[in-house]
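Single-letter residue listing:
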Amino acid sequence: MMLRKAFFPVRVFRLAHMAVLLIKGLAICKYRFPRQSTEEKNGEIRRWSIQLLGAAGMQVRPVGAPDQWPGRAMIVSNHISWIDVFAVLAVAPGVFVAKSEIRDWPLVGKLVTAVDTLYLAREKKSDVLRMNQNIVATLEAGRRVAICPEGTTTWGDELLRFHAALFQPAIQANATLHPIGLRYLDANGRATRAAGYVGEMSLLGSIWRIVSEKAMVVEVRFAPVVDTAGSDRRTLARLTEQLICDVLGLAGSRQAPEIIADLPT
C-alpha cells in the first residue's frame, strides 16, 4: 500500500512554498491587475491557483469542462474546504461569493479580497439583497461568478439543500448555470476527508492536514449546463442540486439549518 502521509520536512517545505505564493499573489494583484484586461487577469488567477494547489501537494483534475464559456455564467458548486476556491479558480477563474468572515483571515483574506471576491453577511436578509445586485452587475459585465449555495461545508460525502436566494441574480442577468461537483482523492485514488474544513476546525489546522497528505487530487466535475430562462430560483436550486448529486454519485441532498436568509417570493 502506498504511504499516505508526507514526511515532516515535506510538510514544512509546502507551508513555506504556499506562503511565498500568497505573497506573490498579492504582488500580482497590486502591480499587474490595474493594467490588465479581464482575460489577462483570469489567466494570472488560473496559473497562480494551479501553483498554489501544487505547493500544497494537490493536482487539479477537471472533468467535462466546457471548451468555451458564455458571456454570462454562474458556477454552482458544493463546498468542502477553503481550498475549494482555488480549485475552481484553477479551472474557471472568476469572482467568488464568500462569507464575510474570510475577509479577516491572515494573508489568505487579503488575497481573496484582492481578486474581487464578493462578501456576504449570510444571516442578514438585507445583505442578500445588496449581494444580489452586485452579482447581477458582475454577470452583466461579462465576468463569471461562483457560488456555494449549501451555505456551509460538508465532508464531501453528502450534499446539503441549496439556498435559493443566490440563484435570483442568474435569472435577472440571463446567465447560464454551470453546476460542478468537487471531490478530493488521496494518493491511492480514494475519496479522502483530508481537505475538509468543517465545524470548529481552525484554518491553520486545515492547512496542516492538507500539507500532511502524501498527495491529493481535487476533481472538478462539470454537470450539464442549465438555462435560467423561464425558470424560478427554487426550481434552479433543486435542479442544480440534483445534477451535482448525480455527477458525484451521491444519493441526494438533506436539509440543513437555514443560514442564508431567503428572499420573499
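Scroll up to find the structure this text is about.
Reading the values: the criteria
Residues numbered from 1 in each chain as written. Predicted model: local features only at pLDDT ≥ 70, side-chain atom pairs only at ≥ 80, totals over all residues. Heavy atoms only, no water. 1 Å grid on protein atoms, 1.4 Å probe; cavity = no way out; pocket = protein on both sides within 12 Å on 5 of 7 lines; lining within 4 Å. Points joined across faces, edges and corners; volume = space filled by probe spheres on them. Helix = DSSP H or I, 4+ residues; strand = E, 2+ residues; numbered from the N terminus. Nonpolar A, V, L, I, M, F, W, Y, C, P; charged D, E, K, R; others polar. Buried < 20%, exposed > 50% of the residue type's maximum accessible area, 1.4 Å probe, protein only. Pairing = 2+ DSSP bridges. Polar contact = N/O pair within 3.5 Å; in protein donor to acceptor, adjacent residues only side chain to side chain. Contact = heavy atoms within 4.5 Å. Phe/Tyr/Trp six-rings, centres within 6.5 Å; stacked < 30°, edge-to-face > 60°. Lys NZ or Arg CZ within 6 Å of the ring centre and 35° of its normal.

## Points about the layout of surface pockets
Line of reasoning, step 1. For the second largest pocket, the calculated volume is near 230 Å³.
Line of reasoning, step 2. Residue assignment for the lining of the second largest pocket shows that the elements contributing at least two residues are α1 (8-31) and α7 (203-212).
Line of reasoning, step 3. Its residues placed into classes, the lining of the second largest pocket shows 13 nonpolar, no polar and no charged.

## Some words on the pairing of strand β2 (residues 73-77)
Line of reasoning, step 1. Along β2, 5 of the 5 residues are buried, which leaves the element largely enclosed by surrounding structure.
Line of reasoning, step 2. By the alternation rule, side chains of β2 split into Ala 73, Ile 75 and Ser 77 and Met 74 and Val 76, which are all buried.
Line of reasoning, step 3. Where β2 lies against strand β7 (residues 176-185), 5 bridges are found, and the strand directions are parallel. By the bridge assignment, Val 76 is partnered in β7 with Pro 179.
Line of reasoning, step 4. Two strands pair when backbone bridges link them, and β2 and strand β5 (residues 145-147) are joined in this way by 3 bridges, in the parallel orientation. Looking at β5, one finds that Ile 75 is bridged to Ala 146.

## Looking at unusual backbone geometry
Line of reasoning, step 1. One non-glycine residue with positive phi stands out, namely Asp 116, at about 70°.
Line of reasoning, step 2. If you trace the backbone, Asp 116 turns up in the loop between α4 (108-114) and β4 (118-120).
Line of reasoning, step 3. Judged by its relative accessible area of 33%, Asp 116 is partly exposed.
Line of reasoning, step 4. The phi torsion at Asn 174 lies on the positive side, around 55°, for a residue other than glycine.

## Describing the side chain of Arg 143
Line of reasoning, step 1. Here Arg 143 is to be found in the loop between α5 (125-140) and β5.
Line of reasoning, step 2. When its relative accessible area of 16% is taken as the criterion, Arg 143 is described as buried.
Line of reasoning, step 3. There is a polar contact of 3.0 Å between the side chain of Arg 143 and the side chain of Asp 116.
Line of reasoning, step 4. When residues no more than four places from it in sequence are discounted, the contact partners of Arg 143 are Thr 38, Gly 71, Ala 73, Val 95, Asp 116 and Thr 138.

## A look at the packing of aromatic side chains
Note on aromatic pairs: each is described by the distance of the centres and the angle between the planes.
Line of reasoning, step 1. If you walk through the whole model with that rule in mind, you get 6 aromatic pairs.
Line of reasoning, step 2. Aromatic pair Trp 48 and Phe 86: ring centres 5.5 Å apart, planes at 65°, arrangement edge-to-face. Within this pair, whereas Trp 48 is found in helix α2 (residues 38-55), its partner Phe 86 is found in helix α3 (residues 84-89), the two being separated by 38 residues in sequence.
Line of reasoning, step 3. Using a relative accessible area of 7% as the deciding quantity, one classes Trp 48 as buried.
Line of reasoning, step 4. Phe 86 sits in the buried class, given a relative accessible area of 4%.
Line of reasoning, step 5. Here the aromatic residues Trp 48, Trp 82 and Phe 86 are joined through ring pairs into a cluster of three or more.
Line of reasoning, step 6. Here the guanidinium or amino end of Arg 144 rests over the ring plane of Trp 69, the centre of that ring lying 4.8 Å away.

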